[in-house]
Amino acid sequence: MRLGYFAMPLHPTGRPWQETLQEDRANVVLADQLGFHDAFIGEHLTDVHENVTNSLLFLATLISDTQQIRLGTGTTNLSHQHPALVAINSAMFDTLSGGRFILGVSPGALASDAEILGILDEDRNKMFAEAVDVITALWAAEPPYDIELPDNRFVVSTRRTTDAEMGVGIIPKPLQTPRPEIVGTVVAPFSKGVIAMGQKDFHPLSANFLLPQWVATHWPNYVEGKQSAGLVADTADWRVARTIFVADTHEEALRYGRDDPQSPYRFYYSQMFKKMKKMGRLELFKTSRDQPDDDVTLEGVLDDLVIAGTADEVAERIVGFRDEVGDFGELVYAGMDWVDERLGRRSMELMAQNVMPAVNSHIGV
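Note that the structure is predicted; figures quoted are calculated from it, not measured.

### Some thoughts on the layout of surface pockets
When its volume is computed, the second largest pocket comes out at roughly 200 Å³. Contributing elements (two or more residues each) for the lining of the second largest pocket: helix 2 (55–60) and helix 3 (83–96). Per element, the largest residue contribution to the lining of the second largest pocket is 7 residues, and it comes from helix 3. Tallied by class, the residues present in the lining of the second largest pocket amount to 9 nonpolar, 7 polar and 1 charged.

Here it is as structure tokens:
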């Protein structure tokens, strides 16, 4: 099982933007030094807590400061820009990074982001599907480009302006062939979107804020999508994110991982709880789909979704989680605000150096 990293990132109000951006960079540099396989960073335009506005731009600052870690947008919100820009800028990033790029994609869920761009009333899921098809078609095509797909608003063409002799009308291609890995986040129980991922040979990343029984619904749908396209699903391609804090003592793990009012894990799920309640999506935190909203509490969410303990305790819980949801190829560690930098760093060290070797020893790797 590989070890990956993901951060929205999410910080409390009042911290200087420059400070949190540098902290987020330090997390990825540390992950690289510890041998994490990849790092995904999210993006939002209008959220003071989740304040990376462009994940590709942020990750570009890390290319020269990292050696082996793969760098993934987590995600590029495809309703926010023309797909040709995504394809071309991603190709340059892939080349600059020596082929370490992963394109993480989603429609973009934050309504205020959509409003500021004037697309609040648009079908952003449809925009996402259209953009994905154009990006992959553009990477596969040769000039002159003339991509006009059925029922797709994005028409991409250089047919009238391409001049091969002058070298214009020609886009750069990614370094990786035939294309970089494309990853989609899966944030809903029984997601139908993961079927489409299988059909398109994209790879799923199940969100860290889903209960194990909902995570377990993703893989059968992905297999269905792969089979419908005549492909074979490989569990190595399934990433699953979890919210984890590892400490040297059990008491410290519980304090920083959930009980302390200043715990970054408590802050994270307090924010998520408020957002999901406002969006009418508390289902994500329910143990059954008919559970009343009033039965869902922050304390219950912390109990269910934060894996906090010593290295041995966390390894045991991860093995139990894997037994419940099935085999998967990568455990993605969810990064938090560094309320205490020493504890934040120590948790990542213990995760890489103690927890993952124990987990892999148990599963026979």
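Let's pick the thread back up.
### Here's the deal with the nonpolar core
The tendency in soluble globular proteins is for nonpolar side chains to be buried side by side. If you look at the biggest cluster of nonpolar residues, it comprises 108 residues, and the most contacted ones within it are Tyr5, Phe36, Phe209, Tyr269, Phe285 and Met351. Among the elements that make up this core, the one with the highest residue count is helix 13 (residues 341–363) (8 residues). If sequence neighbours within four positions are ignored, Phe36 has contacts with Leu3, Gly4, Tyr5, Ala31, Gln68, Ile69, Tyr333, Met348 and Ala352.

### Some points on empty space enclosed by the protein
To locate leftover empty space, one rolls a probe as large as a water molecule over the atoms. Scanning the entire structure with this criterion turns up 1 cavity of 30 Å³ or more. A volume near 70 Å³ is recorded for the largest cavity. Lining the largest cavity are 13 residues, with Tyr265, Tyr333, Met336, Trp338 and Gly344 sitting closest to its centre. Elements with a contribution of two residues or more to the lining of the largest cavity: helix 10 (264–278) and helix 13. In the lining of the largest cavity, the residues fall into 9 nonpolar, 3 polar and 1 charged.

Thresholds applied
Residues numbered from 1 in each chain as written. Predicted model: local features only at pLDDT ≥ 70, side-chain atom pairs only at ≥ 80, totals over all residues. Heavy atoms only, no water. 1 Å grid on protein atoms, 1.4 Å probe; cavity = no way out; pocket = protein on both sides within 12 Å on 5 of 7 lines; lining within 4 Å. Points joined across faces, edges and corners; volume = space filled by probe spheres on them. Helix = DSSP H or I, 4+ residues; strand = E, 2+ residues; numbered from the N terminus. Nonpolar A, V, L, I, M, F, W, Y, C, P; charged D, E, K, R; others polar. Core = buried A, V, L, I, M, F, W, Y, C linked by side-chain atoms within 4.5 Å. Buried < 20%, exposed > 50% of the residue type's maximum accessible area, 1.4 Å probe, protein only. Contact = heavy atoms within 4.5 Å.

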